[in-house]
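A structural walkthrough
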Amino acid sequence: MDGGALVFNTSKQSEPLVVTWLDATMQQHDRIELDRAVEAQLTLDTFQGKFDVKDFVGSVSERLIAQSKISSGPFDPKPFIRTFEAAVDRLIAIRKDVQTKTEQLEKSVRVSEREYSKKMAEINKGFEGAGSSFSTMESKLNEVGRAAIRIGEKLESVHIERQRAQAAYDLIDYYNQFSRGDTTRLDALKKEGKGGRREVAVILRRLTTVAKEVDLPNAEKTRENIDKYCEKFEKDMLYLFDKCYRKGDPKMMHHCAQTLLDFNGGTSCVQVYVNQHDFFMNKIREHVDHSDNLWATVSNPDESTPRTESGLTELFGEIRATVAQESQIVQAVFPNPPLVMQVFLQRVFAQSIQQYVEQLLNKGSSISELAYLRILQLIHIETSVLVDDLKKHELPSLTPSRSSSLEAIEFRQSLTNTPSAAHGATTTTVSAMLETAMEELFMPYTEGQKYIDRESKSLSDLYANLLSNFTQFHMKTQREKGKATMFDRMVDRLGAAAANTTTMTTSTTSAQAAAAIMRFGSMMTDRAHERTSEEPTREEDGFLGIDTAEKMLRWHAEAVGRCVELSAQNDVPKNTFTLLKVLAEAIATSYLEVAVETAHARIEFADQKTEPSLQALSVINTVDLVCHLWQHYVNVALFPLAVASVTIRREMSVFNNQAVSRVEGASNNLLQRLIDAIISWLSLQLGKQKKNDFKPRNDDQSFARVNTEPCDACCEILEKVRDAAFQNLSGKNREVFLNEIGTSFHGLLLDHLRKFPVSATGGLMLAKDLKSYQDTVMSFNVPSLLERYEFIRQLGNVFLVRPEILRSYITENYLGRIDSSLLKPYLAQRSDWVQFENRFNESSEMEDTVTDIATKGLKDRFKIARLSMMMKELEGLKLGDGIAATIPGGIAQNFAVAGRG
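These lines cover the structure that appears in this document, whether it is placed above or below. (Residues numbered from 1 in each chain as written. Predicted model: local features only at pLDDT ≥ 70, side-chain atom pairs only at ≥ 80, totals over all residues. Heavy atoms only, no water.)

What follows concerns the pattern of salt bridges. Summed over the entire model, instances satisfying the criterion amount to 23 salt bridges. The salt bridge partner of Glu540 is Arg538, with a shortest N-O separation of 3.7 Å. By sharing partners, the salt bridges in this structure join Arg374, Glu455, Glu558 and Arg562 into a single network. (Salt bridge = Lys/Arg side-chain N within 4 Å of Asp/Glu carboxyl O.)

Following this line, the structure appears as structure tokens:
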């Protein structure tokens, strides 16, 4: 016992010891009776399931513990020992019973397993035998099946031969009857009802085929009899079909249609049904509704494109409703509904839709080209929607009917070897037919170059009409200058192109555009007559405007949208290129270049004695904005439409770049001419400098003046140029323009300083003038001009420096970079130069000749007489750092109007 619990070792090794101990105990003590509660714990059920040793020991000793607590004497262990001894005896007995039962059960399980295995083996043998029997039976059934198939094929072949022989016999019999003029048998068969009429139809079709092949003495007469009977039979069936159609009997109509289908394909039946349909009898539109608001705005390019036309919308609505109803009727009446529906829809497109489309287009064409094109686009869009809606009524393809006569099928296959139209599958679907019908509907208006020529002509007419006042103003302005300018050359070129429209049957797009511009711009070949008859023009008519350019691009975008809608997919790149040419001709040649040329002519023929107008800069600014807008439109809207054709995309890019290059070139020439005019005016103002402005006699009066009059005039024009440049130019364009002005004026000042004597007092006046020049030019914010005008200022200070320090002054700062011999023409203008010239020359001869390599090279390079020429070569000179890169090219190479796509 450990911790109040007894632990029994029931292993086989300790079992003899426990039994010996128990026997000895039993000999010494009499056995006691166990309590009922303990007896209940010493059963097999206690050890099944969840068992806890502590709980078990506690339950056995629970009553003993209670009795021990009640007893007042010392603890007596004997009751516990006797109880547990009895419990152990009982447990050993239980274990033996369990072992005995376990052994019995194991024996029973082994017996059952052997019996089970034996039964499974017997069953497997039975299954194997059954499987073998089934395999044998299956092979026998297969043999029987193959034999049955062979027998069936032979029977079918015999049956077909029999039917073929019977059909040939009947056919020969009927043929002989027709040769005798006897149709009694066929007439009787025809009166037997639906089945008889269908059989007659099949027989007549066969007889017609045989009669064409038979070559007998009476064959021609027999053939005539057969044809007459066939014609009479067809008329009777058509009459019956029409009668049932008027009565509204779909079952009899179906019978007639099926009979005629077996007879000759049923084409005549379908034609009767379609021709007598109420839709084609009552829905013929005689005229277009002129009261529709559409016609009031369709020719106005600034109005949006019309979306609907009341008559067309009503017609298409009726077509949708009719087709929806008709598809159900056709399926119920005709055995080949897809074919009938196709014939019906073809009639709808060829009659109802085409007639009204022609009326609409004739009405639009009578108004304007734009109205015609807009109506054509509207019709195309509405028809596309209609076609998509009608495709929903696609009917199932034709399949041969199960009730078709096997005799007829076999006879057709064996005798003619060609399937009848009555049983052939429909090869064209309703959807494919609708696509073809729509293509044929618009073919007369879009085939070849018809559409794109009209589109180009319309666009050219709109542009010419928009620019008519602009064109007349600039033509008048340029002719007033007395010189044939670019505008006249353009008129001659357009006149020659327009002549092509009268000498050639097919005109090109360029020729049509030229003719339109000539017509609407009043540019006739008789320009002398035009000068006397042209209307008064206003100054604002000749202004360039972003609004006008946006309007031109908006009209062009509408035309491109129509082009994508109406052109075939493969023709979109080519047609887009054509419209790009029209746009470039209008916006570049007829708009921008004309304005630039007029501004150039005004500058060229302006009075040289008057201050030059800077209006050309505003023209350049507008040209720049329009070009950017134009190129952005081309890159975003036009180039993506040509990606399908690499060749056309490349040609469009080259053409576009050439057009932009022409505008850039004209703008560059205009800027260069404006620069020349400004420099000429500055030179003229400097030429007004008086000989003694820098050698005044009255010092008090000289000090009262801030600057000389030429300085004020030059600074004034330079400030105006600066303000105009900042207002109209930007980026590199402005920098190059102002740099050219500043550099040229710098050269003028260098020449100017060599012409006037300067006294000590005059040196102060000169310094104030040069300071004003420098401050004005510095306001240009062009870094390359800073050192130039600092050099000018230091050069002006040589007239203020005392003679004894002059030599030292000119060897320092920017002047030190220049050979002193080049400065002598300026030093000679000092009023006291004669007094110290010899002393200056002697000190110059004693000067150290050792200089650095860069400075020596520079001096060797510029042994020239004029300092202004040297400064022109020193465009890239950084006087503080030595020589930098060479000067940039002329203004023509640096000014860029717009980026290209």
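We are not done yet, so read on.
So, on to the state of the cysteines. Under the counting rule described, the total for this entry stands at 0 disulfides. With no disulfide of its own, Cys256 lies 5.0 Å from the sulfur of Cys244, the closest cysteine sulfur. (Disulfide = S-S within 2.5 Å.)

What follows is about helix H3 (residues 53-70). Helix length check: H3 (18 residues) gives 26 Å between terminal C-alpha atoms against 26 Å at 1.5 Å per residue, within 8%. Looking only at H3, the buried set comprises Phe56, Val57, Val60, Ser61 and Leu64. (Helix = DSSP H or I, 4+ residues; strand = E, 2+ residues; numbered from the N terminus. Expected span 1.5 Å × (residues − 1). Buried < 20%, exposed > 50% of the residue type's maximum accessible area, 1.4 Å probe, protein only.)

A contiguous nonpolar patch, built from Tyr116, Met120, Ile123 and Phe127 and spanning about 440 Å² of accessible area, is present on the exposed surface. When you line up the elements, Ile123 lands in helix H4 (residues 78-179). (Patch = residues over 30% accessible without salt bridge, like charges linked within 9 Å, V, L, I, M, F, W, Y side chains within 5 Å. Areas by Shrake-Rupley, 256 points an atom, 1.4 Å probe, with all protein chains shown as cover.)

Leu204, Ile319, Phe334, Trp630, Phe737 and Phe745 are the most contacted members of the largest nonpolar core, which totals 188 residues. Among the elements that make up this core, the one with the highest residue count is helix H23 (residues 572-604) (16 residues). If we skip the residues at most four places from it in the chain, Leu204 touches Phe178, Leu186, Tyr229, Cys230, Phe233 and Phe263. One finds Val38, Leu42, Val60 and Phe84 within the second-largest nonpolar core, a separate group that totals 11 residues. (Core = buried A, V, L, I, M, F, W, Y, C linked by side-chain atoms within 4.5 Å. Contact = heavy atoms within 4.5 Å.)

Once that is clear, we can look at the packing of helix H29 (residues 760-778) against helix H30 (residues 786-796). With their axes 9 Å apart at the nearest point, H29 and H30 run at an angle of 175 degrees to one another. On the basis of the axis angle, H29 is roughly antiparallel to H30. Along the contact surface, H29 presents Leu770, Tyr773, Gln774, Val777 and Met778, while H30 presents Leu786, Tyr789, Glu790, Ile792, Arg793 and Gly796. Considering only residue class, the contact of H29 with H30 consists of 7 nonpolar, 2 polar and 2 charged. (Axes fitted to C-alpha atoms, helices over the stretch in contact; angles between N-to-C directions. Parallel < 35°, antiparallel > 145°, perpendicular 65-115°, else oblique. Nonpolar A, V, L, I, M, F, W, Y, C, P; charged D, E, K, R; others polar.)

Moving on to helix H12 (residues 310-333). The α-helix winds at 3.6 residues per turn, so residues separated by three or four positions along the chain end up facing the same way. Over its 24 residues, H12 runs 34 Å from end to end, which matches the ideal 34 Å to within 8%, given 1.5 Å per residue. Taken together, the buried positions of H12 are Gly311, Leu312, Leu315, Phe316, Ile319, Thr322, Val323, Glu326, Ser327, Val330 and Val333.

Attention now goes to the packing of aromatic side chains. Per the stated rule, a full pass over the model turns up 5 aromatic pairs. Relative to Tyr591, the ring of Phe470 has its centre 4.8 Å away and its plane inclined at 45 degrees; by these criteria the two rings are tilted. Remark: Tyr591 occurs in helix H23 and Phe470 occurs in helix H18 (residues 468-480); sequence separation between them is 121 residues. Given the relative accessible area of 4%, Phe470 is considered buried. Taking the ring centre of Phe577 as reference, the NZ or CZ of Lys581 above it sits at 4.5 Å. Positioned above the aromatic ring of Phe639 is the side chain of Arg649, whose terminal nitrogen or guanidinium carbon lies 4.0 Å from the ring centre. (Phe/Tyr/Trp six-rings, centres within 6.5 Å; stacked < 30°, edge-to-face > 60°. Lys NZ or Arg CZ within 6 Å of the ring centre and 35° of its normal.)

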